[in-house]
Every structure is written in C-alpha cells, then in structure tokens.
Amino acid sequence: KGLLDMNKIHHASFLNACKKQRAVPEAVRFCKLINNPKMSTFNMLLSVCANSQDFDGALQVMVLLKEAGLKPDCKLYTTLISTCAKCGKVDAMFEVFHEMVSAGIEPNVNTYSALIDGCAKAGQVAKAFGAYGIMSSKKVKPDRVVFNALISACGESGAVARAFDVLSEMTAEASESKGSKPILPDHVTVGALMKTCIQAGQADRAREVYKMLQEYNI
C-alpha cells in the first residue's frame, strides 16, 4: 500500500530476528525494501546466511551488493568465507579468498581464521596449514583462534606431532615479539589437543594434556 516507512524499523533488530530463526528469504526481502542499503546491511544479511548455512543465499547477497553499487570490504569477504566454511565448501572458500586478494583487499587475522577453521571442519589438514603458510608470509600475526583452529584440524586426522608443533609455536609466539603478552592455551586448545591424541589412540598423552588445565589455571 506504500505505507511502509523503513526508517521506522530498526534494521539490525529485524535481521537479528531473521538470524535466530534462520529466515534467509525474509531477510533478503527485507533488505530489498531498504532504499539505500549500507555495507553494514549486507554484512548483517550475510551473517543470516552463514548462520543458516545457506550458500545460495550468500551468493544472492553478493549480487544485491553489486546492484547497490557497493564494493565488498574485508569484513564482508570474511563473512562470505565463513559462510562457505559452514557449508563445507572448501574450494569456494579459497575462490572467495583469491577474489578478495585480486580486488586489492588485505585479508586480516579473522579472514585467515575463517579459512583455517573451514579447512579444519572439512578435515583438510594440508589446506589448513597452507592457509597458515600464506598468513605467515603476509606477516599477519596469528591469534589464539587461529592456533586453536590449526590444532582442531590436526584433531580430525590424529596428527599428534603436528598438533604439538602448533602448541609450541603458540606459546613461543610471545618470546619472539618482545613486550607482547603470550598466547596461552585455553579450554578449546586443551580439548582439541586431547581429541588429536584420542584419534591417534594415545591415551597416556591425552592424560598429560589434561594436566595443562591446572598448569594454565583453565
């Protein structure tokens, strides 16, 4: 009826409700009603798709974004990568990553984290370490999330030696960059390490890892 005033609706609240209810078509329809959508609108819309593991919806968002005359930014590309990751589409994830780099947008630690996490969930250890290699070559400092994702990737295949290499790299990271706080293991690290030991049938080593809870006051 032409009575709808989009300025009177809190966009974020509506899209949040869609996210909770995994209502992708409704979210897309809502965004089409917004006169001049901003980058943040599309970021929220993409996270609705990510939460619903809706890959086709995510591709539709990219089309809408370009129709609105906007160029994707780092945050949007990262959300798109994590949508691919949640849908188990590892190749698509790397395609998005390369498109991002070609567009001259620098991936940040969250981008690499999403990439590595996607590889880990798909059990692709080599690809996870490949992404980590790119990250190191770009001098992007890894955070705890990245290290935990790498250890989780090892956990999928029981690559115990590799998982412990990551752990020592994680705790050594601080001594290299003087003055910065060390990245200490948390419950996710310990859980992922134990899973790796279990996958490899090394129960004693899993018990040793369990002691880290006391050691690091977790």
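This text follows the structure it describes.
Only a predicted model underlies this, so the values are computations on that prediction, with no experimental measurement involved.

**Considering the layout of surface pockets**
Thinking step 1. Empty space within the largest pocket amounts to approximately 180 Å³.
Thinking step 2. The wall of the largest pocket is formed by Ser82, Ala85, Lys86, Asn110, Ser113, Ala114, Asp117, Lys121, Asp143 and Val145.
Thinking step 3. Counting residues per element, the ones that place at least two in the lining of the largest pocket are α5 (74-86) and α7 (109-121).
Thinking step 4. In the lining of the largest pocket, the residues fall into three nonpolar, three polar and four charged.
Thinking step 5. When its volume is computed, the second largest pocket comes out at roughly 160 Å³.

**Overview of the packing of aromatic side chains**
Thinking step 1. As enumerated under the stated definition, the model contains three aromatic pairs in all.
Thinking step 2. Here the guanidinium or amino end of arginine 162 rests over the ring plane of phenylalanine 129, the centre of that ring lying 4.0 Å away.
Thinking step 3. Cation over ring: arginine 205 sits above phenylalanine 164, and NZ or CZ is 4.0 Å from the ring centre.

**Focus on the pattern of salt bridges**
Thinking step 1. If you walk through the whole model with that rule in mind, you get seven salt bridges.
Thinking step 2. Among the salt bridges present, the one from lysine 127 reaches aspartate 91, with a minimum N-O distance of 3.2 Å. Taken as a pair, lysine 127 in helix α8 (residues 125-137) and aspartate 91 in helix α6 (residues 90-102) lie far apart in primary sequence, 36 residues in all.
Thinking step 3. Aspartate 91 sits in the exposed class, given a relative accessible area of 53%.
Thinking step 4. Across the pair arginine 207 and aspartate 204 runs a salt bridge, and its minimum N-O distance is 3.2 Å. Pair noted here: arginine 207 and aspartate 204 are both in helix α12 (residues 203-210), with a separation of three residues, about one helical turn. With respect to burial, arginine 207 and aspartate 204 carry one shared label: exposed.

Definitions and limits used
Residues numbered from 1 in each chain as written. Predicted model: local features only at pLDDT ≥ 70, side-chain atom pairs only at ≥ 80, totals over all residues. Heavy atoms only, no water. 1 Å grid on protein atoms, 1.4 Å probe; cavity = no way out; pocket = protein on both sides within 12 Å on 5 of 7 lines; lining within 4 Å. Points joined across faces, edges and corners; volume = space filled by probe spheres on them. Helix = DSSP H or I, 4+ residues; strand = E, 2+ residues; numbered from the N terminus. Nonpolar A, V, L, I, M, F, W, Y, C, P; charged D, E, K, R; others polar. Phe/Tyr/Trp six-rings, centres within 6.5 Å; stacked < 30°, edge-to-face > 60°. Lys NZ or Arg CZ within 6 Å of the ring centre and 35° of its normal. Salt bridge = Lys/Arg side-chain N within 4 Å of Asp/Glu carboxyl O. Buried < 20%, exposed > 50% of the residue type's maximum accessible area, 1.4 Å probe, protein only.

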